[in-house]
Amino acid sequence: AASVQLPNRTAAAAIGETRRVHEAALIGRVPEREAIAAALRALPASPGMVVAVEGEPGIGKSRLLDHLVASAGPCTVLGARASEFESDLPYALWTEALDGDLPGGAPAHGDRHRTHRALRELLGSLAAPHPLVLWTDDVQWADPASVEALAALVRRPPAAPVMFALAAREGQLPAALGAALAAADREHRLTALRLAPLSEAEAAELV
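Each chain has its residues counted from 1, running along the sequence as written. Thresholds applied to this predicted model are a pLDDT of at least 70 for local features of residues and 80 or more for the giving and counting of side-chain atom pairs; totals over whole chains, interfaces and linings are not thresholded and use all residues. Values shown for side chains rest on all heavy atoms present in the structure; no hydrogens or waters enter the calculation.

Engineer: Just to check I follow, could you spell out the sheet that holds strand E2 (residues 76-81) for this structure?
Structural biologist: Through backbone hydrogen bonds, the strands of a sheet pair up, either in parallel or in antiparallel fashion. Strands sit in the order E2-E3-E4-E1-E5 across an open sheet of five strands; the sheet is parallel. Every interior strand has two partners, whereas the edge strands, E2 and strand E5 (190-194), have only one. Averaged over all pairs of adjacent strands, the angle between their axes in this sheet comes to 10°, without regard to strand direction. Two strands qualify as a pair provided DSSP detects at least 2 bridges between them. Starting at the N terminus, helices and strands are each numbered in turn, a helix being any DSSP run of H or I of at least four residues and a strand any DSSP run of E of at least two. Across five bridges, the pairing between strand E3 (residues 132-137) and strand E4 (residues 162-169) is parallel. Paired with Leu134 across the strands is Phe164, a residue of E4. We call two residues in contact whenever any of their non-hydrogen atoms come within 4.5 Å of each other. An axis is simply a line fitted to the C-alpha atoms; with a helix, the fit covers only the stretch in contact. Between two such axes, the angle follows the N-to-C directions and lies from 0 to 180 degrees. This element, helix H6 (residues 144-155), spans strand E1 (49-55), E3 and E4 of the sheet and lies at about 135° to E4.

Engineer: Quick question: what am I supposed to make of empty space enclosed by the protein here?
Structural biologist: One simple way to see leftover space: roll a probe sized like a water molecule over the atoms. Throughout, the protein atoms alone are placed on a 1 Å grid, and a set of points is a cavity if a 1.4 Å probe fits but cannot get out or a pocket if it is open with protein on both sides within 12 Å along at least five of seven lines; lining residues have an atom within 4 Å of a point. Grid points are joined across faces, edges and corners, and a volume is the space filled by probe spheres set on the points. The final tally for this structure, using the stated rule, is one cavity of 30 Å³ or more. The calculated volume of the largest cavity comes to roughly 60 Å³. Forming the boundary of the largest cavity are 12 residues, of which Ala82, Ser83, Glu86, Ala92 and Leu93 lie nearest the centre. With three residues, the top contributor of residues to the lining of the largest cavity is helix H4 (residues 92-98). Three classes are used, and their members are as follows: Ala, Val, Leu, Ile, Met, Phe, Trp, Tyr, Cys and Pro are nonpolar, Asp, Glu, Lys and Arg are charged, and the others, Gly among them, are polar. A breakdown of the residues in the lining of the largest cavity according to their chemical character gives five nonpolar, two polar and five charged.

Engineer: I'm lost on the packing of helix H5 (residues 112-126) against H6 in this one. Help?
Structural biologist: Any two packed helices are characterised by the angle at which their axes cross and by the distance between the axes. In contact at an axis separation of 10 Å, H5 and H6 are set at 60° when each is read in the N-to-C sense. Looking at the two axes, H5 sits oblique to H6. As for the relative orientation of H5 and H6, their crossing is right-handed in sense. Each of Arg112, His116, Leu119, Arg120 and Leu123 in H5 lies in contact with H6, whose residues at this interface are Glu148, Ala149, Ala152 and Leu153. Tallied by class, the residues present in the contact of H5 with H6 amount to five nonpolar, one polar and three charged. Relative orientations are named as follows: roughly parallel for angles under 35 degrees, roughly antiparallel for angles over 145 degrees, roughly perpendicular for angles from 65 to 115 degrees, and oblique for any other angle. Crossing handedness follows the turn of the near helix against the far one: under a right angle anticlockwise gives a left-handed crossing, and clockwise gives a right-handed one.

Engineer: Honestly, the nonpolar core in this entry has me stumped. Any pointers?
Structural biologist: As used in this record, nonpolar core signifies buried Ala, Val, Leu, Ile, Met, Phe, Trp, Tyr and Cys residues forming a set joined through side-chain atoms within 4.5 Å. Burial here depends on accessible area, computed with a 1.4 Å probe over protein chains only, as a share of the maximum for the residue type. Under 20% is buried, over 50% is exposed, and the range in between is partly exposed. Counting 36 residues, the largest nonpolar core has Trp94, Leu98, Leu123, Val154, Leu166 and Leu177 as the members making the most contacts within it. Residue assignment for this core shows that the elements contributing at least two residues are E1, E2, H4, H5, E3, H6, E4 and helix H7 (175-186). At seven residues, H6 tops the list of elements feeding residues into this core. Residues contacting Leu166, with those up to four places away along its chain left out, are Val50, Val51, Ala52, Val53, Leu65, Thr136, Val139, Leu150, Leu173, Leu177 and Leu181. In terms of nonpolar packing, the next biggest core, distinct from the first, is built from 22 residues, Leu64, Val69, Cys75 and Met163 among them.

Engineer: What is the right way to look at the pairing of E4 in this model?
Structural biologist: The element E4 is extensively covered by neighbouring structure, given that seven of its eight residues are classed as buried. By the bridge criterion, seven bridges tie E1 to E4 in an arrangement that is parallel. Note that in E4 the partner of Val53 across the bridge is Ala167. Every crossover in which the path from the first strand over the helix to the second runs clockwise, viewed with the strands pointing away from the viewer, is termed right-handed. With H6 bridging E3 and the parallel E4, this β-α-β connection has right-handed handedness.

Engineer: I would appreciate a short explanation of the pairing of E5 in the present structure.
Structural biologist: Successive side chains on a regular strand alternate, one facing one side of the sheet and the next facing the other. Residues Thr191 and Leu193 of E5 are buried on one face, while the alternating residues Leu190, Ala192 and Arg194, pointing to the opposite face, are not. With five bridges joining them, E1 and E5 adopt parallel strand pairing. Across the sheet, residue Val51 finds its bridge partner in E5, namely Thr191.

Structural data, given as structure tokens:
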């Protein structure tokens with residue numbers, strides 16, 4: 001299988017952003033938590049599950065992803081947060097998420113379909129011992145190559161228990177990824193969570 005050539009990232013960035021879980025309890029979001037729990041329960045028998053979280057800045061998208069990660073139990077969890085300062089680095093999102101698991105060998109040059117196939121095979125192999133949860137945050141800032149690869153994998157996921165969990169600002173989801181999510185929805189693989197503000201009581205509890 002082809003391997004993937006991705007730009008280098010510092011170990012500190014990978015450690016600081018990829019397997020992060022907040023310690024504080026999540027306030028509110030009961031329906032969303034129940035939907036996430038249902039998706040995780042279904043994952044072993046339902047390859048290609050997708051959880052998509054959308055909402056305004058600061059409304060709690062990242063916190064809900066943290067909750068999903070903390071609830072993933074025996075799953076293998078990998079992930080990354082896109083940065084608006086790295087939107088010109090091809091595959092930056094995938095470099096961060098898979099930094100320690102990139103395949104060796106001859107890299108794929110200039111053939112995005114080969115790259116997508118290599119990523120699909122890699123994720124499938126990572127999901128062999130345990131189901132895999134791959135989370136991506138702030139995807140509205142992801143570089144075009146990362147978005148294209150994520151959309152391709154959401155549309156045609158590995159034949160293995162892999163869940164894609166992503167978060168983006170409302171109304172800023174890249175078009176290619178939006179189309180892929182629509183396809184996943186038609187195949188009953190999508191859990192779409194659009195976050196509303198907390199209730200007055202929940203906001204008071206948070207404060």
